[in-house]
Amino acid sequence: MKTIFDPAVVGSKDAYRLLIGLVVPRPIGWIGTVGSDGVRNLAPFSFFNVFGPVHVGFSTVRPDGAHKDTLKNVLETGVFTVNTVTEDVAEAMNLSSGSYPAGVDEFEVAGLTARTGDLVSAPMVVESQANLECRLIQTVDLGSGAMASTLVIGETLRFHVDPELFVDGRIDPGRYRAVGRLGGRAYSTTRDRFEMPRPQQDHS
C-alpha cells in the first residue's frame, strides 16, 4: 500500500520535496539574462526541459508574488540564454545558485567569462560546452500563493556547441559529461549508461 500525500494538506514545501525527489534526474538550465539596467544575471534552474525541436522552457517559483531577477530580466528584454552544465563547471554553477542581492553579477561571483550572444543581448557562459540563444515566446503563470510559479518558454535562435562533443555528427554522451539534479543537495552524472533499441513495428 502506497502512502498518499495531498499537496493541499501537506503544504507547498513538502509537496515540492516530494516532486524534486521523485522526478529525477532533471536537466539543469543555466539561464543567462541581462536587465534593462545592464546588470547581468546567471542562475541554474532544474525545472527545465525541451518542448520541441527548438523550444525550451524553465520555471521559476514566486511564492511571495515577486519576480526573481531572471524572470524580471526576461520580461524586460524578451531574451535569455541556456548554458549547459557539465562536470567541469558544476562548482561554478553551484556558486551562481546563491540568493544574492539584486545587482550582484553571478558571472563575477562564480569566476566565469560572459559573452553577449550574437542575436540576443543576454550573456552566455563561455566555459559551458554549449550555449543556446533564446527568444521569449510565452510565459504561463501557474498556481497561486505559496505554490505559484511562472513557466518561461523560449525559441532557440542559435546553438553554440563545442566541436569536441561530436562523434559521427551526433552529441556523444561520453564526451558531454552532463550533470543532472536530484533531490536535496544531490546531483548525478551521465557516466553510467545503457542502451535499449526501440521496438520495430510491422506495418505490412
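Shown above is the structure to which this text applies.
Per chain, residues are indexed from 1 in the order of the written sequence. In keeping with the model being predicted, local features are shown solely for residues with a pLDDT of at least 70 and side-chain atom pairs are shown and tallied solely at 80 or more, while totals for entire chains, interfaces and linings include all residues. Water and hydrogen atoms were dropped before computing side-chain values, which therefore reflect all heavy atoms in the structure.

Peer 1: Would you explain the overall build of the chain in this entry?
Peer 2: Where helices and strands are cited, they refer to DSSP runs of H or I of at least four residues and of E of at least two residues respectively, numbered from the N terminus. When helices and strands are tallied, the chain shows 5 helices and 14 strands. Atoms counted for the radius of gyration: C-alpha only. Globule rule: 2.2 Å times the number of residues to the power 0.38. Taken over the C-alpha trace, the chain has a radius of gyration of 18 Å; the compact-globule value for 204 residues is 17 Å, and the two agree within 12%. Along the first, second and third principal axes, the C-alpha atoms of the chain reach 60 × 50 × 35 Å. Taking all 204 residues of the chain together, the buried fraction comes to 36%. Accessible surface, the chain as shown: approximately 12,400 Å² in total, 54% of it carbon and sulfur. His residues and chain termini do not enter the charge count, which takes Lys and Arg as positive and Asp and Glu as negative. A charge is said to be at NZ when it belongs to Lys, at CZ for Arg, at CG for Asp and at CD for Glu. Placing the 19 positive and 24 negative side-chain charges of the chain at their respective mean positions leaves the two points 5 Å apart. Each residue is placed in one exposure class: buried if its accessible area under a 1.4 Å probe, protein chains only, is under 20% of its type's maximum, exposed if it is over 50%, and partly exposed if it falls in between. In these tables, accessible area is a Shrake-Rupley quantity obtained with a 1.4 Å probe, and a residue counts as shielded only by the protein chains included in the view.

Peer 1: Help me understand the sheet that holds strand β13 (residues 179–181), please; the structure alone is not making it clear to me.
Peer 2: What makes two strands pair is DSSP finding at least two bridges between them. Strand order across the open sheet formed by 3 strands is β1-β13-β14, with antiparallel pairing between neighbours. The open sheet is flanked by β1 (26–27) and β14 (187–189), the only strands paired with a single partner. Pairing of β13 with β14, which is carried by 3 bridges, proceeds in the antiparallel orientation. Bridge assignment links Arg181 to a residue of β14, and that residue is Tyr187.

Peer 1: I tried to follow the sheet that holds strand β2 (residues 29–34) on my own but got confused; where do I start?
Peer 2: Taken together, 7 strands build an open sheet; the order of strands is β3-β2-β6-β9-β10-β5-β4 and the sheet is antiparallel. Two strands close off the open sheet at either side, each with one partner strand: β3 (40–45) and β4 (48–50). Neighbouring strand axes in the sheet, compared pairwise and without regard to direction, differ in orientation by 30° on average. Inspection of the sheet shows strand β6 (residues 79–83) paired to strand β9 (residues 130–142) by 5 bridges, in the antiparallel sense. When the bridges of β9 are listed, Thr81 appears paired with Glu133. The contact criterion used is simple: two residues touch if any of their non-hydrogen atoms lie within 4.5 Å. Axis definition: a line fitted to C-alpha atoms, over the contacting stretch in the case of helices. Angles run 0 to 180 degrees between N-to-C directions. Running at roughly 55° to β2, helix α3 (residues 69–77) makes contact with β2, β3, β5 (55–61), β6, β9 and β10 (149–161) of the sheet.

Peer 1: Help me out: how do you make sense of the pairing of β3 in this one?
Peer 2: On a regular strand, one side chain projects to one face of the sheet and the next to the other, so that they alternate. With respect to burial, β3 is a largely interior element, 5 of its 6 residues being buried. Between β2 and the antiparallel strand that follows it, β3, lie 5 residues; Gly38 among them carries a positive phi value of about 85°.

Peer 1: I'm lost on α3 in this one. Help?
Peer 2: Each turn of an α-helix holds 3.6 residues, which means side chains three or four residues apart point in the same direction. For α3, the set of buried residues is Thr70, Leu71, Asn73 and Val74. Projection of α3 onto a plane perpendicular to its axis shows the buried side chains occupying an angular sector of 165°, all on one side. A positive phi of about 80° marks Gly78, the residue just after α3. What the arc covers is the set of directions going from the helix axis to the C-beta atoms.

Peer 1: Any chance you could explain the side chain of Ser149 here in plain terms?
Peer 2: With respect to the element layout, Ser149 can be found in strand β10. The class of Ser149 is buried, set by a relative accessible area of 10%.

Peer 1: Explain the environment of Pro53 here, please?
Peer 2: By the secondary structure assignment, Pro53 is in the loop between β4 and β5. The class for Pro53 is exposed, based on a relative accessible area of 84%. Sequence separation of Pro53 and Gly11 is 42 residues, and the distance between their C-alpha atoms is 36 Å.

Peer 1: What is the right way to read a nonpolar patch on the surface from this model?
Peer 2: Patch definition: residues above 30% relative accessible area lacking any salt bridge, with like charges linked at up to 9 Å and the nonpolar side chains Val, Leu, Ile, Met, Phe, Trp and Tyr linked at up to 5 Å. Salt bridges are identified by distance alone: a Lys or Arg side-chain nitrogen within 4 Å of an Asp or Glu carboxyl oxygen. A cluster of nonpolar side chains, Phe5, Leu18, Leu19, Leu22 and Val23, forms an exposed patch at the surface whose accessible area comes to about 480 Å². You can see Leu22 is positioned in helix α2 (residues 12–22). In this structure Leu22 comes out as exposed when scored by relative accessible area, which is 68%.

Peer 1: Explain unusual backbone geometry to me, please; I cannot follow it from the model alone.
Peer 2: Trans is the prevailing form of peptide bonds, just as negative phi is the prevailing case for residues other than glycine. At the junction of Val24 and Pro25, the peptide bond is cis and its omega measures out at -15° in the coordinates. Relative to the assigned elements, Pro25 resides in the loop between α2 and β1. Although it is not a glycine, Asp168 sits at a positive phi angle of roughly 55°. Looking at the secondary structure, you find Asp168 in the loop between β11 (166–167) and β12 (170–171).

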